[in-house]
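Summary of the model geometry
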Amino acid sequence: MKILLVEDDKRLRKLIHDILKKEGYQVIEAGDGSEALKIFFEEREIELVILDIMLPLFNGIEVLTQIRKYSEVPVIMLTALGGEQDEIKGLNTGANDYISKPFSYEVLVARVNAIMRKKIKENESIINEGDIQVNQLTYEVKVAEETVDLNRKEYQLLIYLIMNKKSVLLRDQILDQVWGFDYEGDMRTIDTHIKTLRTKLKSCGQYIHTIRGAGYMFDPR
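Residues numbered from 1 in each chain as written. Predicted model: local features only at pLDDT ≥ 70, side-chain atom pairs only at ≥ 80, totals over all residues. Heavy atoms only, no water.

**Regarding the packing of aromatic side chains**
Here the structure, examined in full by the defined rule, presents 5 aromatic pairs. Ring centres 5.5 Å apart and planes at 90° place the aromatic pair Phe 41 and Tyr 70 in the edge-to-face group. One end of the pair, Phe 41, is in helix α2 (residues 33-42); the other, Tyr 70, is in the loop between α3 (60-68) and β4 (75-79), and 29 residues separate them in sequence. Judged by centre distance (5.9 Å) and plane angle (85°), the ring pair of Phe 103 and Tyr 105 falls under edge-to-face. For Phe 103, a relative accessible area of 16% gives the class buried. Of the residues examined, Tyr 105 reaches a relative accessible area of 27% and is grouped as partly exposed. (Phe/Tyr/Trp six-rings, centres within 6.5 Å; stacked < 30°, edge-to-face > 60°. Helix = DSSP H or I, 4+ residues; strand = E, 2+ residues; numbered from the N terminus. Buried < 20%, exposed > 50% of the residue type's maximum accessible area, 1.4 Å probe, protein only.)

Encoded structure:
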């Protein structure tokens, strides 16, 4: 996993770099705010930014402000200033964590590992199928980056279809798995929910195919 380390103290930067490298991380270094922004917006797949507040050209708060306009990548801020106001300012700007210098490297590694574990969990919870993205932690569904509002049954139906993509699902299978074995309603409720779900998914509604005489199949091709 890739980390952008922004620190103007060369000695400290090298020490942090070496420690994180031993932990298995790929570390990219920047010595000032301008270089940090250049690298961040050019480099792909940066998973974490470790950002000093006191930097040449652009300070850490200014760098974080620019990053937050475009990205929610986790950011740990470092500072030698101390004081509650600096911590509050950093957190209010969008920092995920805050470490005051001097700090033990064990603490830094523990904070980095904790954020990375959370990041991995979040990544594993995201389902991407064509232009549909589903966050299983927040139950948020997006179509072409736009959030769509699904009710509980529509969400469960979509998840069931996606998890069984490219498989023909019979109506009674869908009814048993989404509505439950003890559901006593009409089989037509499935068709009604499919119709509504297709409409809410807009252009991606075409991913749900009707299999005549059988049921439905999800295929984003």
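**Let's talk about the packing of helix α6 (residues 152-163) against helix α8 (residues 188-200)**
Running from N to C, α6 and α8 cross one another at 85°; their axes reach a closest spacing of 10 Å. Overall, the two elements α6 and α8 adopt an arrangement that is roughly perpendicular. Residues Lys 153, Glu 154, Leu 157, Leu 158 and Leu 161 of α6 form the contact with α8, whose participating residues are His 193, Ile 194, Thr 196, Leu 197 and Lys 200. Among the residues forming the contact of α6 with α8, the class breakdown is 5 nonpolar, 2 polar and 3 charged. (Axes fitted to C-alpha atoms, helices over the stretch in contact; angles between N-to-C directions. Parallel < 35°, antiparallel > 145°, perpendicular 65-115°, else oblique. Contact = heavy atoms within 4.5 Å. Nonpolar A, V, L, I, M, F, W, Y, C, P; charged D, E, K, R; others polar.)

**Re the pairing of β4**
When you tally the buried positions in β4, you get 5 out of 5 residues, the bulk of the element. Residues Val 75, Met 77 and Thr 79 of β4 are buried on one face, and the alternating residues Ile 76 and Leu 78, pointing to the opposite face, are buried as well. Here strand β3 (residues 46-52) pairs with β4 via 4 bridges, running parallel. From the neighbouring strand, Asp 52 faces β4, where its bridge partner is Leu 78. Taking the sense of rotation as the criterion, the β-α-β connection linking β3, α3 and β4 turns out right-handed. Where β4 and strand β5 (residues 97-100) come together, 4 bridges link them in parallel fashion. By the bridge assignment for β5, Thr 79 is matched with Ser 100. (Pairing = 2+ DSSP bridges. Right-handed = clockwise from strand over helix to strand, strands pointing away.)

**Some points on the packing of α2 against α3**
At a closest axis distance of 9 Å, the pairing of α2 and α3 adopts a crossing angle of 20°. With respect to α3, the element α2 is oriented roughly parallel. Once α2 is placed against α3, the crossing between them reads as right-handed. Touching Gly 33, Ala 36, Leu 37, Phe 40 and Phe 41 of α2 are Val 63, Gln 66 and Ile 67, all from α3. Residues that form the contact of α2 with α3 fall into these classes: 6 nonpolar, 2 polar and no charged. (Left-handed = near helix turned anticlockwise from the far one by under 90°.)

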